[in-house]
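# Structural overview for review
Here are the chains, one letter per residue:
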Amino acid sequence: MKKKRCIAMLLAGGQGTRLYALTTHVAKPAVSFGSKYRIIDFPLSNCANSGIDTVGVLTQYQPLILNEYIGTGEPWDLDRSYGGVHILPPYQAKEGGEWYKGTANAIYQNLHFLSLYNSQHVLIISGDHIYKMDYAAMLKRHEELDADCTIAVIDVLKDEASRFGIMDYDSKYRITNFEEKPRNPKSNHASMGIYIFKKDVLMNELIEDEKNEKSNNDFGKNIIPKMLKEGKKMVAHQFNGYWKDVGTVASLWEANMDLLGANPVFDLGDPKFKIYSRNKPMPPAYVDEKGEANNSLLTAGAEIYGKVSDSIVSEGVMVGEGSEIVHSIIMRGTRIGKNVKIKYAIIDEDVEIGDNVIIGDSKSNKDNIALVGRDAVVKKGTKIAAGAIVENA
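Cut-off values and rules
Residues numbered from 1 in each chain as written. Predicted model: local features only at pLDDT ≥ 70, side-chain atom pairs only at ≥ 80, totals over all residues. Heavy atoms only, no water. Pairing = 2+ DSSP bridges. Helix = DSSP H or I, 4+ residues; strand = E, 2+ residues; numbered from the N terminus. Buried < 20%, exposed > 50% of the residue type's maximum accessible area, 1.4 Å probe, protein only. Contact = heavy atoms within 4.5 Å. Polar contact = N/O pair within 3.5 Å; in protein donor to acceptor, adjacent residues only side chain to side chain. Disulfide = S-S within 2.5 Å. Core = buried A, V, L, I, M, F, W, Y, C linked by side-chain atoms within 4.5 Å.

### A word on the sheet that holds strand E18 (residues 307-309)
- Spatially, six strands are ordered E15-E18-E21-E24-E27-E30 in an open sheet, and the strand pairing comes out parallel. For this open sheet the edge positions go to strand E15 (292-294) and strand E30 (383-384), each flanked by a neighbour on one side alone.
- As defined by bridge partners, E18 adjoins strand E21 (residues 324-326) across three bridges and the pair is classed as parallel. Bridge assignment links Val-308 to a residue of E21, and that residue is Ile-325.

Written out as structure tokens, the structure reads:
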């Protein structure tokens, strides 16, 4: 059997309850981002850019749109005869089956997939973060230090540290302490939920964890602390780039806004590290002579007859004459009528908005973003307050 240096397991089954209407009908990794992407494009593109050509995508909650979007993996160069991308849902085995109970259990239920490939190492990543990262550099350090497990680390603000797994490490990057979401964090070195394990070590740890009836079957809560306690060689890989957990409406809105400006906080235009996506062929974005677009990101197929400022507008979106979109995100296929005012809002895919609608207001901020869910029909003259969440108006 041909040997692979490293294969990836991508955890993409999250329900994303804090995104409310955006994840009622889709898994969080399938949520639109940045006019022409979905969240899952980032870890898949990172794999493509890092030379990792075998990826198991573990799905669970509302997987239909996500599965259809990934398809054969062609946009990310993952349509391979040996390797490539594989969708791995929970399944009914001869001895029974069950939903994934935790991050570790999700991988445990797919030990057969790990056994298919003669790989030395396994990369475990999440499908709900926005970032660009060269996993090859992390793998190189993992091998050079002969680590049992390498954890990607990013420094966060001290007042945010309690939301993460927090660790300490020495001058040789060896992890000396790890606490999952501590009340009183001892450092600000946060786990990014990105791990590289020696495959044999990982498989043994998962089998042992499954036997422990008291375990939460979670990497942060169980696997990592246990390995550290047992003296396994655990090392940190420091990451200093842009990384955003887009698990809330506020953080998703912020990450989209980080794409705007002459010098964006997060630049998607680097030709040396492309983010790939699956998009339909469409004509270029069109701004009518009566329309206007300022400091905004428009993608193919968008038609602007009104005014768009400081906003993200996706493919197939139409903004009617006299309408004004400010500090907002308008996702795929949404149609906006005439004289509509949308400020500090996220409008999901394929929404129909009638004339003279008002959504949000100029006094809003990231903490009270108005949200309209997929396929909603907002009748003419409707007013939707700042911070309101609408599934179907």
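### What about the environment of Ser-50?
- In this structure, Ser-50 sits in the loop between helix H1 (41-49) and strand E4 (54-58).
- Given the relative accessible area of 11%, Ser-50 is considered buried.
- Separated by 10 residues in sequence, Ser-50 and Ile-40 place their C-alpha atoms 16 Å apart.
- If sequence neighbours within four positions are ignored, Ser-50 has contacts with Met-133, Asp-134, Tyr-135 and Ala-136.
- Within polar-contact distance, the side chain of Ser-50 engages the side chain of Asp-134 at 3.5 Å.

### Let's talk about the state of the cysteines
- Counted by the stated rule, this structure contains zero disulfides.
- Take Cys-47: it sits in no disulfide, and the sulfur closest to it among the cysteines is that of Cys-6, at 8.5 Å.
- Of all cysteine sulfurs in the structure, the one in Cys-6 sits closest to Cys-149, which takes part in no disulfide; the separation is 12 Å.

### Quick word on the nonpolar core
- Ranked by internal contacts, the top residues of the largest apolar core, which has 66 residues, are Ile-40, Leu-123, Met-133, Tyr-135, Ile-194, Leu-252 and Ile-346.
- Tyr-135 has contacts with Pro-43, Asn-46, Cys-47, Ser-50, Ile-52, Leu-123, Ile-125, Ile-194 and Ile-196, leaving out every residue within four places of it along the chain.
- Grouped together as the second largest cluster of nonpolar side chains are 33 residues, Ile-7, Val-122, Tyr-195 and Met-227 included.

Keep in mind these values describe shape, not function.
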